[in-house]
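Architecture and fold: a report
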Amino acid sequence: MQMTRRQMLAYSAATAGMAAVGFSIGPAMAAVEETEKAIAEFAGGATPETGRITLTAPEIAENGNTVPISVEVDSAMSGDDLVESVTILAEGNPNPEVCTFHFTEMSGSAAATTRMRLAQTQNVIALAKMKDGSVFMDKKLVKVTIGGCGG
Amino acid sequence: MASKPRIKLPKSAAAGEVITIKTLISHTMESGQRKDKEGNPIPRQIINTFTCEFEGAKVFECELDPAISANPYFEFNAKVEESGTFKFTWVDDDGSVYETEQDITVS
């Protein structure tokens, strides 16, 4: 198809406009700051330490729609040595929150497995809050081949 | 939206044993991020809370966000001291509640 200069200009202007609109309504990816805010909110003043919590996630997730993740906290789950809650955060998703598990003495052990969505290659963070207020953290980088946040 | 919760837990256990419970429920877990063919956003509809109780006492609870996959699956543990009934509850964004129960015999 032959295009005149006038048509060409109109076409490119329309494309540029569409691109701008598409960008502004596209899903905003959760910035790292937002994740840090979520960490601070969950920690409630405590500084997250490493150790005791183990996050298991695949190194490479082929399908970001279902990524299996497991979290386990080393705890006797009785008396004062109790894990109250564990939260999972994803840095590169539109919202960093993934889920929060609440455990009780009847849980026997602080371990849980679920499946999550990942929009892109990113860090997945697990935080555990103990009964005494201390917070433990583990982080895993998951490479995602196909993102799972729809489009 | 959701149907047929499926639970897998042992029928019997020894007192004080820590058992593993697996649960699965069919639900689209619409994240609110997707758009339909016309480009309109599809409203969010997910299961936002899952709880497991044993004879009225809470064993495990999870708050779900849209980043949980469709057909939410959970695997967790419970310590059983006596025979009784586990009750599982899922709460949908639209207010519906899906429930199921399963017994366990402790010797």
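Scroll up a little and you will see the structure.
So, here's what we can say about the structure. (Residues numbered from 1 in each chain as written. Chains lettered and ligands numbered in written order. Predicted model: local features only at pLDDT ≥ 70, side-chain atom pairs only at ≥ 80, totals over all residues. Heavy atoms only, no water.)

1. Brief notes about unusual backbone geometry
Formally: Secondary structure follows DSSP: runs of H or I at least 4 residues long count as helices, runs of E at least 2 residues long count as strands, and numbering of each begins at the N terminus. Burial status follows relative accessibility: with a 1.4 Å probe on protein chains alone, a residue under 20% of its type maximum counts as buried, one over 50% as exposed, and anything between as partly exposed.
Of note, the phi angle at Arg52 of chain A is positive, near 70°, even though the residue is not glycine. Mapped onto the elements, Arg52 of chain A comes out in the loop between β1 (49-50) and β2 (53-56). A relative accessible area of 34% means that Arg52 of chain A is categorised as partly exposed. Phi at Asn71 of chain B is positive, roughly 55°, even though this residue is not glycine. Considering the arrangement of structural elements, one finds Asn71 of chain B in the loop between β5 (57-64) and β6 (73-80).

2. Things to note about the packing of aromatic side chains
Test applied: By convention, a stacked pair of Phe, Tyr or Trp rings (six-membered ring in the case of Trp) has centres within 6.5 Å and planes under 30 degrees apart, an edge-to-face pair has planes over 60 apart, and any other such pair is tilted. Comment: the charge-over-ring label is applied if NZ (Lys) or CZ (Arg) is within 6 Å of the ring centre and within 35 degrees of the ring normal.
Scanning the model with the defined rule gives 13 aromatic pairs over all chains in all. Considering the side-chain rings of Phe60 of chain B and Phe76 of chain B, the 4.3 Å spacing of their centres and the 5° angle between planes classify their relative orientation as stacked. Remark: Phe76 of chain B occurs in strand β6 and Phe60 of chain B occurs in strand β5; sequence separation between them is 16 residues. An identical accessibility class is assigned to Phe60 of chain B and Phe76 of chain B; each is buried. The side chain of Arg115 of chain A reaches across the aromatic face of Tyr73 of chain B, ending 4.4 Å from its centre.

3. A look at the pattern of salt bridges
Residue and element names in this part refer to chain B. The criterion, for reference: Here, a salt bridge means any side-chain nitrogen of Lys or Arg that lies within 4 Å of a carboxyl oxygen of Asp or Glu.
Taken as a whole and assessed by the stated rule, the structure comprises five salt bridges over all chains. Between Arg34 and Glu30 there is a salt bridge; the shortest N-O distance is 2.8 Å. Overall, the relative accessible area of 36% leaves Arg34 in the partly exposed class.

4. Describing the layout of surface pockets
Convention followed: Think of a 1 Å grid over the protein atoms and nothing else: a 1.4 Å probe that fits but is trapped marks a cavity, an open set flanked by protein within 12 Å on at least five of seven lines marks a pocket, and residues with an atom within 4 Å of a point count as lining. Grid points are joined across faces, edges and corners, and a volume is the space filled by probe spheres set on the points. Each residue is assigned to one of three groups, with Ala, Val, Leu, Ile, Met, Phe, Trp, Tyr, Cys and Pro labelled nonpolar, Asp, Glu, Lys and Arg labelled charged, and all others, Gly among them, labelled polar.
If you add up the space inside the largest pocket, you get close to 180 Å³. Surrounding the largest pocket, Glu34, Lys37, Ala38, Glu41, Phe42, Thr87, Leu89, Glu97 and Thr100 of chain A together with Asp65 of chain B form its lining. For the lining of the largest pocket, the elements supplying multiple residues, two or more each, are α2 (32-43), β5 (83-90) and β6 (97-103) of chain A. For the lining of the largest pocket, the element with the highest residue contribution is α2 of chain A, accounting for five residues. Of the residues that constitute the lining of the largest pocket, the class distribution is three nonpolar, two polar and five charged.

5. A short note on the interface of chain B and chain A
By a widespread convention, an interface's size corresponds to the accessible area lost as its parts come together. Heads up, the rule is: In what follows, residue pairs with any heavy atoms lying within 4.5 Å of each other are defined as contacts. Here the buried area means the combined drop in accessible surface, using a 1.4 Å probe, for two parts upon being joined, counting both sides. A 3.5 Å cut-off defines polar contacts: any pair of N or O atoms within that distance qualifies, except that in protein one atom must be a possible hydrogen donor and the other a possible acceptor, and neighbouring residues in sequence count only when both atoms are side-chain atoms. Two strands pair under a simple rule: DSSP has to find at least two bridges between them.
Between chain B and chain A, the contact holds 30 residues from the first and 30 residues from the second. Taken over both partners, the interface formed by chain B and chain A buries close to 2,500 Å², and the fraction arising from carbon and sulfur atoms is 50%. Our enumeration of links across chain B and chain A arrives at zero salt bridges. In this structure, the connection of chain B to chain A is made through 20 residue pairs in polar contact (both at pLDDT 80 or more). Elements represented by at least two residues in the side of chain B that touches chain A include exactly β3 (17-26), β5 and β6 of chain B. By residue number, the principal contributor to the side of chain B that touches chain A is β5 of chain B, which donates eight residues. Grouping the amino acids of the side of chain B that touches chain A by side-chain chemistry returns 17 nonpolar, five polar and eight charged. One ladder, built from five bridges, connects β6 of chain A with β5 of chain B; its direction is antiparallel. Note that in β5 of chain B the partner of His102 of chain A across the bridge is Glu61 of chain B.

6. Here we look at the nonpolar core
Under the convention used in this document: To qualify as a nonpolar core, a set must consist of buried Ala, Val, Leu, Ile, Met, Phe, Trp, Tyr and Cys residues joined through side-chain atoms within 4.5 Å.
Core analysis: the largest hydrophobic core is formed by 57 residues, its most contacted members being Val86, Ile88 and Phe101 of chain A together with Ile21, Phe60, Phe86 and Phe88 of chain B. Within the second largest apolar cluster, eight residues are counted, among which are Phe42, Ala43, Leu89 and Leu127 of chain A.

These results come straight from atomic positions and should not be treated as a statement about function.
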